[in-house]
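# Coordinate analysis (summary)
So the chains spell out like this:
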Amino acid sequence: MTDAHLHDLDIRCRHAVEEMLAGEYLSVFKGRGIEFEDVRPYEPGDEVRSIDWNVTARAGKPFVKRFIEERDLTVYLLIDISASSRFGDKLAAATELAGLLAHAAIRNHDRAGLILFAEEVESHLPPAKGLNQVSRILDLIQNHPPAGRGTELREPLDLLMHVTRRRSVVFLISDFQCLGYDDALENAAVSHDLIAVRLQDPRESGLPEEGGLCRVRDNESGRFTWLDAGDARSRRAFAARAAEQDANVRERLQACGAEVFDVRCGEDYVADLRAFFQARLQHRR
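I will try to describe carefully the structure that is included in this document. (Residues numbered from 1 in each chain as written. Predicted model: local features only at pLDDT ≥ 70, side-chain atom pairs only at ≥ 80, totals over all residues. Heavy atoms only, no water.)

## Some details on the pairing of strand β6 (residues 169-174)
Remark: a regular strand shows side chains that alternate across the two faces of the sheet. Counting buried positions along β6 gives six out of six residues, so the element sits mostly inside the fold. Here β6 shows no split at all, with Val-169, Phe-171 and Ile-173 on one side and Val-170, Leu-172 and Ser-174 on the other all buried. Looking at chain direction, strand β3 (residues 74-80) and β6 are connected through five bridges and run parallel. Considered in β6, the bridge of Tyr-76 is made with Val-170. Pairing analysis gives six bridges linking β6 to strand β7 (residues 193-200), with the strands arranged parallel. Across the sheet, the residue bridging to Ile-173 is Val-197, located in β7. A crossover connection joins β6 to the parallel β7 through helix α6 (residues 182-191); in handedness this β-α-β unit is right-handed. (Buried < 20%, exposed > 50% of the residue type's maximum accessible area, 1.4 Å probe, protein only. Helix = DSSP H or I, 4+ residues; strand = E, 2+ residues; numbered from the N terminus. Pairing = 2+ DSSP bridges. Right-handed = clockwise from strand over helix to strand, strands pointing away.)

## A word on the pairing of strand β5 (residues 121-128)
Of the strand pairs in this sheet, strand β4 (residues 111-117) and β5 are connected by five bridges, and their pairing is antiparallel. Pairing of Phe-117 across the sheet is with Val-121, part of β5. Once β4 ends, the chain turns through three residues before running back antiparallel as β5.

## A look at the packing of aromatic side chains
This model, assessed by the stated rule, comprises three aromatic pairs. On the numbers, 4.5 Å between centres and 20° between planes, the contact of Phe-261 with Phe-276 is stacked. Placement of Phe-261 in strand β10 (residues 259-264) and of Phe-276 in helix α8 (residues 269-284) is noted, with a sequence separation of 15 residues between them. A connected cluster of aromatic rings, assembled from ring pairs, spans Phe-261, Phe-276 and Phe-277. (Phe/Tyr/Trp six-rings, centres within 6.5 Å; stacked < 30°, edge-to-face > 60°.)

## Details of the packing of helix α1 (residues 3-29) against helix α4 (residues 131-143)
Their axes nearest at 10 Å, the elements α1 and α4 cross at an angle of 130°. Judged on the interaxial angle alone, α4 and α1 are oblique. As α1 runs across α4, the sense of the crossing is right-handed. Counted together, Leu-6, Leu-9, Asp-10 and Arg-14 of α1 and Leu-131, Val-134, Ser-135, Leu-138, Asp-139, Gln-142 and Asn-143 of α4 form the full contact between these two elements. (Axes fitted to C-alpha atoms, helices over the stretch in contact; angles between N-to-C directions. Parallel < 35°, antiparallel > 145°, perpendicular 65-115°, else oblique. Left-handed = near helix turned anticlockwise from the far one by under 90°. Contact = heavy atoms within 4.5 Å.)

## With respect to the pattern of salt bridges
Tallied over the entire structure, the rule returns 13 salt bridges. In this structure, the salt-bridge partner of Glu-152 is Arg-154, at a minimum N-O distance of 2.9 Å. Ionic pairing is found between Arg-198 and Asp-246, a salt bridge with its closest N-O pair at 3.0 Å. With Arg-198 in strand β7 and Asp-246 in helix α7 (residues 232-255), the pair connects residues that are 48 residues apart, well separated along the chain. With relative accessibility at 3%, the residue Arg-198 sits in the buried group. A residue is classified by how much of its surface remains accessible, and Asp-246, at 29% relative accessible area, is partly exposed. Connected through salt bridges with shared partners, the residues Arg-198, Asp-246, Arg-250 and Asp-262 form a single ionic network. (Salt bridge = Lys/Arg side-chain N within 4 Å of Asp/Glu carboxyl O.)

## A word on the nonpolar core
Most often, soluble globular proteins have nonpolar side chains that are buried together. Phe-29, Leu-77, Ile-79, Leu-100, Ile-137, Phe-171 and Phe-277 are the most contacted members of the largest nonpolar core, which has 49 residues in total. Top element by residues in this core is helix α3 (residues 90-107). It accounts for eleven residues. When neighbours within four sequence positions are excluded, Ile-79 is seen to be in contact with Ala-94, Ala-98, Leu-114, Ile-115, Leu-116, Phe-117, Ile-141 and Ile-173. Counting 23 residues, the second-largest nonpolar core is a separate cluster that includes Leu-160, Leu-185, Ala-196 and Leu-253. (Core = buried A, V, L, I, M, F, W, Y, C linked by side-chain atoms within 4.5 Å.)

## Section: the sheet that holds β6
As summarised here, the arrangement of the six strands in space is β5-β4-β3-β6-β7-β10, forming an open sheet in which the pairing is mixed. Each edge of the sheet is formed by a strand with only one pairing partner; in this case those strands are β5 and β10. Strand-to-strand twist of the sheet, defined as the mean angle between neighbouring strand axes without regard to direction, takes the value 15°.

## Some remarks on the environment of Asp-72
Counting through the fold element by element, Asp-72 comes out in the loop between β2 (63-67) and β3. Judged by its relative accessible area of 31%, Asp-72 falls in the partly exposed class. Distance in space between the C-alpha atoms of Asp-72 and His-109 is 7.1 Å, their sequence separation being 37 residues. Not counting residues within four places of it along the chain, the set of residues in contact with Asp-72 comprises Asp-110, Arg-111, Lys-129 and Arg-166.

## Focus on helix α5 (residues 154-163)
Residues that lie three or four places apart on an α-helix share one face, since the helix turns once every 3.6 residues. Buried residues of α5: Pro-156, Leu-157 and Leu-160, and no others. Here the buried residues of α5 occupy an arc of 100° about the axis, which is enough to place them on one side. The elements touched by buried residues of α5 are β3, β4, β5, β6 and α6. (Arc of directions from axis to C-beta.)

Structure representation (structure tokens):
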């Protein structure tokens, strides 16, 4: 992705957050603390009970009370850049989601950090505030040359536990095509608000009827296999295996204490993220 394309994506994400996501982010991740700090202008999604009616009357527009708990929230983005997570449009989806989440955090005066990983941690950008941090995050995701092909979730989760002791909001963005991460995920879910974002490319869940004999390559192992996409039984078997694997991954993530957010590549990520925030808020209420 060129610098111009990254700049355009940055602007699109910023506008989307300002127009659609800021209120939902604020409602979902900012709890009401005990100690009053100050007031700030009302934003869509704020709870009515947080309105400071005295300040609102004096100012002529609504203001809400701000509490200590709302300050200095850290949002960590852990993004899988392994070969399987670069298949199709997965990396593009991860980049756009990272831009939306980072802008939502920065707009609400929070800090955003980034960990890129494949077989091991490949880059760590400590949390910081400001719009320049969003640009750094997007640039790293798109322009970092991956050193590994496989996926290993334990090391980035261990690094997360080492670099931040304070409870943070963590978005673990991956296709989760690996095993052996249960203990590390459980530990992270206990200490942090952990959301597992599953990247799903529709081409991995079904074979095209007109495909004929297909040579399929595993992106991480490099192994090839032949599949007959023209055969109905082969297509059903492929779809069944994909559905079974999908259900097993979801069950494993939830058993570890993570909240699961599925993202299908090529869809409206702003709408998906907003729906996720709203469902999460409804569940909490």
